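# Tertiary structure, described
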Amino acid sequence: MVNGDIVGRLREGMAQGVLSFPLTSFDERGALDLDGFRAYVADQVATGPGAVFPACGTGEFFSLDEDEYRRVVTAAVEETAGRVPVVAGVGYGWAQAARFARIAEEAGADALLVLPHYLVRGPQNGLVAQVEQLASRTRLPLIVYQRDQVAFTADSLKRVAALPGVIGLKDGHSDLDRLQRLTLAAPDGFLFFNGAATAEIQARAYAGVGVPAYSSAVHAFAPEIATAFFTALRDGDNPQVDRLLREFYVPFVEIRDRVPGYGVSLVKAAARLRGRPVGPVRAPLADPAPGDLADLERVLAAGLDLVSAPTLAGAAR
């Protein structure tokens with residue numbers, strides 16, 4: 001069964017490494033830099049993530065037109081070459097999400113991450129219907145992303161999980177009481193993972209309610225740090241986990257929280273500091289201010305030193 005195959009591959013990958021959400025490369029004029037993206041994804045895959053999620057939030061899905069989206073997902077599929085699952089982002093209302101889903105299917109993606117719908121808030125019946133409409137229009141398995149205006153109750157999640165093709169949920173709310181209720185309500189084999197911003201900060205807490213897998217924005221620019229943290233957490237090396245949190249993750253988050261959108265633009269700036277060909281962000285995001293870049297460079301250098309990784313290689317400006 002196709003869904004069973006992808007669930008098994010994702011489950012295996014989630015146990016072995018973090019989930020990679022690659023940045024989308026643009027040139028200085030803001031045009032898609034497909035060659036840069038290919039090189040970047042190849043580097044990401046070489047570090048051994050559990051899966052690759054192109055054209056999602058970190059990949060600035062909201063800024064891509066349909067042709068760019070097709071090229072990005074196709075390139076990600078080609079660069080991973082079947083080594084890890086490729087889960088493409090889709091979003092907006094269900095009708096537009098279905099258009100992106102068709103493109104992702106044609107491009108060879110293994111599954112879809114259903115990003116929160118655009119702008120409006122809806123009741124639980126509406127949230128379920130949104131997923132139902134998309135599930136009926138694609139053959140690809142779906143992972144639903146709850147954050148912002150999307151938050152399922154246990155009863156609603158039961159209904160969503162019963163839909164053909166829905167295989168998991170990514171949580172970005174960090175409401176552990178609600179999340180525990182969801183994990184208990186879900187059927188056996190349903191996938192959950194931690195999608196909080198800078199997920200490592202809350203990784204131990206999520207693991208405590210049975211959700212040890214997580215996505216890592218840090219992996220997008222410092223896979224050495226992300227892998228060291230994952231390994232320490234998996235192996236119960238609490239002193240190393242605390243050291244990385246105290247000396248890298250918390251200072252990084254403090255910079256991230258200064259300006260809306262830094263959850264992506266700060267990550268891109270850090271990737272440029274490492275010499276990665278990712279370019280600037282697209283509006284309405286904005287690249288970090290000089291003072292924030294200086295602080296980022298200092299924190300990143302400290303984190304790389306903690307894991308004995310190569311020092312900074314590029315310029316973020």
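On a predicted model such as this, the values are computed, not experimentally measured, just so you know. (Residues numbered from 1 in each chain as written. Predicted model: local features only at pLDDT ≥ 70, side-chain atom pairs only at ≥ 80, totals over all residues. Heavy atoms only, no water.)

## Quick look at the sheet that holds strand S2 (residues 51-52)
The strand order S2-S1-S8 describes an open sheet built from 3 strands, whose pairing is parallel. Of all the strands in the sheet, just S2 and strand S8 (215-216) have a single pairing partner and so form its edges. Pairing of strand S1 (residues 19-20) with S8, which is carried by 2 bridges, proceeds in the parallel orientation. Note that in S8 the partner of Ser 20 across the bridge is Ser 216. (Pairing = 2+ DSSP bridges. Helix = DSSP H or I, 4+ residues; strand = E, 2+ residues; numbered from the N terminus.)

## So, helix H6 (residues 154-161)
Along H6, the residues that are buried comprise Ser 156, Leu 157, Val 160 and Ala 161. Down the axis of H6, the buried set is contained in an arc of 135°. They therefore lie on one face. Summarising the contacts, the buried residues of H6 are in contact with helix H5 (124-135), strand S5 (142-146), strand S6 (166-171), helix H7 (176-185) and strand S7 (191-194). (Buried < 20%, exposed > 50% of the residue type's maximum accessible area, 1.4 Å probe, protein only. Arc of directions from axis to C-beta. Contact = heavy atoms within 4.5 Å.)

## Overview of the environment of Glu 78
Note that Glu 78 resides in helix H3 (residues 66-80). The exposure class of Glu 78 is partly exposed, given its relative accessible area of 45%. For the pair Glu 78 and Val 150, spaced 72 residues apart in the sequence, the C-alpha separation amounts to 32 Å.

## Some words on the sheet that holds strand S3 (residues 87-90)
With parallel pairing, 5 strands are arranged side by side in an open sheet as S3-S4-S5-S6-S7. Each end of this open sheet is capped by a strand with a single partner; those strands are S3 and S7. Across the sheet, the mean angle separating the axes of adjacent strands is 25° when strand polarity is ignored. Against the sheet, helix H4 (residues 94-107) touches S3 and strand S4 (111-114), its axis set at about 155° to S3. Helix-sheet contacts for H7 involve S5, S6 and S7, and the interaxial angle to S7 is about 160°. (Axes fitted to C-alpha atoms, helices over the stretch in contact; angles between N-to-C directions.)

## Thoughts on the environment of Val 77
Looking at the secondary structure, you find Val 77 in helix H3. Residue classification places Val 77 among the buried positions, given a relative accessible area of 18%. Val 77 sits 83 residues away from Val 160 along the chain, and the two C-alpha atoms are 27 Å apart. Those residues within four positions of Val 77 in sequence are excluded, and the remaining contacts are Gly 82, Val 86, Ala 107, Gly 108 and Ala 109.

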